[in-house]
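Each chain, letter by letter, is given below.
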Amino acid sequence: MVRTVRALALSLAALPLAACATLGSSEQPVSVTGQITYRERVALPPTAQIEIQLSDVSLMDAPSRTIAQQSFTADGRQVPFAFSLTVDQRPLDPRHSYAVSARISDASGRLMFITDTRNSVVFDGRSRIDMGMLNLVKTR
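Notes on the structure follow. Since we're looking at a predicted model, the values are computed, not measured.

A short note on the overall build of the protein
1) Next: Looking only at helices and strands, one finds one helix and eight strands in the protein.
2) Next: Mapped from its N terminus to its C terminus, the protein presents α and β elements in the order α-β-β-β-β-β-β-β-β.
3) Next: Of all 140 residues assigned to the protein, the portion counted as buried reaches 31%.
4) Next: Taking the intrachain contacts of the protein between residues at least 6 apart in sequence as the baseline, contacts between residues at least 24 apart amount to 67%.
5) Next: Put simply, the protein shows about 9,100 Å² of open surface, and 55% of that area lies on carbon and sulfur atoms.

A word on the pattern of salt bridges
For side chains bearing opposite charge, pairing can occur when the charged atoms are close.
1) Next: The full count for this structure, using the stated rule, is five salt bridges.
2) Next: Of the charged contacts in the structure, one is a salt bridge between Asp-88 and Arg-90, with a shortest N-O distance of 3.1 Å.
3) Next: We classify Asp-88 as partly exposed; its relative accessible area is 33%.
4) Next: Between Arg-110 and Asp-106 there is a salt bridge whose closest N-O contact spans 3.3 Å.

Section: the packing of aromatic side chains
1) Next: According to the stated counting rule, one finds three aromatic pairs in the structure shown.
2) Next: Seen in terms of ring centroids, Tyr-38 and Phe-113 are 3.8 Å apart; in terms of plane orientation they differ by 10°. Their pairing is stacked. Remark: Phe-113 occurs in strand S6 (residues 111–115) and Tyr-38 occurs in strand S1 (residues 30–38); sequence separation between them is 75 residues.
3) Next: Its relative accessible area of 7% is what places Tyr-38 among the buried residues.
4) Next: Summarising the aromatic geometry, the rings of Phe-72 and Phe-81 are spaced 5.7 Å apart at their centres and angled 65° between planes, so their arrangement reads as edge-to-face. Taken individually, Phe-72 and Phe-81 each receive the classification buried, so the pair is uniform in this respect.

Digging into the pairing of strand S4 (residues 81–87)
1) Next: Alternating positions in S4 separate cleanly, Phe-81, Phe-83, Leu-85 and Val-87 being buried on one face and Ala-82, Ser-84 and Thr-86 remaining unburied on the opposite face.
2) Next: Note: S1 against S4, seven bridges, orientation antiparallel. By the bridge assignment, Val-30 is partnered in S4 with Val-87.

Overview of unusual backbone geometry
1) Next: The omega torsion of the bond from Val-79 to Pro-80 falls at 0°, within 30 degrees of zero and hence cis.
2) Next: Checked against the element boundaries, Pro-80 lands in the loop between strand S3 (65–73) and S4.

Each value, and the rule that gives it
Residues numbered from 1 in each chain as written. Predicted model: local features only at pLDDT ≥ 70, side-chain atom pairs only at ≥ 80, totals over all residues. Heavy atoms only, no water. Helix = DSSP H or I, 4+ residues; strand = E, 2+ residues; numbered from the N terminus. Buried < 20%, exposed > 50% of the residue type's maximum accessible area, 1.4 Å probe, protein only. Contact = heavy atoms within 4.5 Å. Areas by Shrake-Rupley, 256 points an atom, 1.4 Å probe, with all protein chains shown as cover. Salt bridge = Lys/Arg side-chain N within 4 Å of Asp/Glu carboxyl O. Phe/Tyr/Trp six-rings, centres within 6.5 Å; stacked < 30°, edge-to-face > 60°. Pairing = 2+ DSSP bridges.

Right, dumping it as structure tokens:
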């Protein structure tokens, strides 16, 4: 009986240490990179606003929480647009789900293109995560 209680106590004491080793193993920031594009043959106005977000999308009944964001103006450039989001992994919860989304709006804020699929990000200790090409769809 005493051995069982001692083994259980040691196991419970080691559990937080194991969790710290998993979460704290990557102290340096992570770079989440990729490109956004769309299929339509439509030129963007020079004043188009591009926004890419990395969000915590874990809770189904609550708004997502933005972790990192990059915004810029097209300035006459056209797709594809490269993005790079820098993320500190320390506050991230390994039990949560994270995803990248993107949108393009005109100068007045009217939505032109948006991602319509979930682009999940898995933080697994890598220092750079390449999302590849994310496709946006035209809004009506």
